[in-house]
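# Results of the structural survey
In case you want the letters, here they are:
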Amino acid sequence: MANLKDSIECIEKIKQDIRDLRDADYVKCPNHSNDKYPCICENFDLVNDKLDELSKDLNEIRDDLLHPAMQNINI
Ligand SMILES: [Zn+2]
């Protein structure tokens, strides 16, 4: 059965994949050779920021579920 810890780890792997895509040789950021063109690296970083938010939310949910006061509640 899937659990929150696995989901959080999965998000971290996706974030690394996105960083790898951003830095891949076949993704040429036009800004890096000529600064009159926009930098597309930020587009990748914006996706990672959203994943960061999701990861943070899941960590908070996990902390809440692990709180002793929650142990006797059936959900
Ligand atoms: Zn760039």
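Residues numbered from 1 in each chain as written. Predicted model: local features only at pLDDT ≥ 70, side-chain atom pairs only at ≥ 80, totals over all residues.

### Remarks on the overall build of the chain
Cut-off, in case you're wondering: Counting from the N terminus, the helices are the DSSP runs of H or I reaching at least four residues and the strands are the DSSP runs of E reaching at least two. The globule rule used here is 2.2 Å times the number of residues to the 0.38 power, and the radius of gyration it is set against is calculated over C-alpha atoms. Counting other C-beta atoms within 10 Å of a residue's C-beta gives its exposure: the residue is buried at 20 or more, exposed at 12 or fewer, and partly exposed in between, where C-beta atoms are placed from the backbone.
Of the regular secondary structure elements, the chain holds three helices and zero strands. Secondary structure of the chain in N-to-C order comes out as α-α-α. Expected size for 75 residues packed as a compact globule is a radius of gyration near 11 Å; at 18 Å, the chain overshoots this value by more than 25%. Principal-axis analysis of the C-alpha atoms gives the chain an extent of 60 × 20 × 15 Å. Burial statistics for the chain: of 75 residues in total, 0% are counted as buried.

### A look at the packing of helix α1 (residues 4-23) against helix α3 (residues 41-66)
Definition in use: Between the N-to-C directions of two axes lies an angle of 0 to 180 degrees, each axis being a line fitted to C-alpha atoms and, for a helix, fitted only over the stretch in contact. Throughout this description, any angle smaller than 35 degrees is read as roughly parallel, any larger than 145 degrees as roughly antiparallel, any in the 65 to 115 degree range as roughly perpendicular, and the remainder as oblique. Two residues qualify as being in contact provided that their C-beta atoms, derived from the backbone, are within 7 Å of each other. Ten residue types, Ala, Val, Leu, Ile, Met, Phe, Trp, Tyr, Cys and Pro, are classed as nonpolar, four, Asp, Glu, Lys and Arg, as charged, and the remainder, Gly among them, as polar.
The geometry of α1 relative to α3 is characterised by a closest axis approach of 10 Å and an angle of 170° between their N-to-C directions. Compared by their axis directions, α1 and α3 come out roughly antiparallel. Residues L4, S7, I8, I11, I14, K15, I18, L21 and R22 of α1 touch α3, and the partners they reach there are C41, F44, V47, N48, L51, L54, S55, L58, N59, I61 and R62. Here the residues of the contact of α1 with α3 are counted per class, giving 13 nonpolar, four polar and three charged.

### Some details on the environment of M70
Among the structural elements, M70 can be located in the segment after α3. Given 11 C-beta atoms within a 10 Å radius, M70 is considered exposed. Along the chain, M70 and S33 lie 37 residues apart, while their C-alpha atoms are 55 Å from each other. Those residues within four positions of M70 in sequence are excluded, and the remaining contacts are D64 and L65.

### Some thoughts on the environment of E12
Position of E12 relative to the elements: it lies in helix α1. Residue E12 is classed as exposed on the basis of its C-beta count, with 12 C-beta atoms lying within 10 Å. In this structure the C-alpha to C-alpha distance between E12 and S55, which are 43 residues apart in sequence, comes to 8.1 Å.

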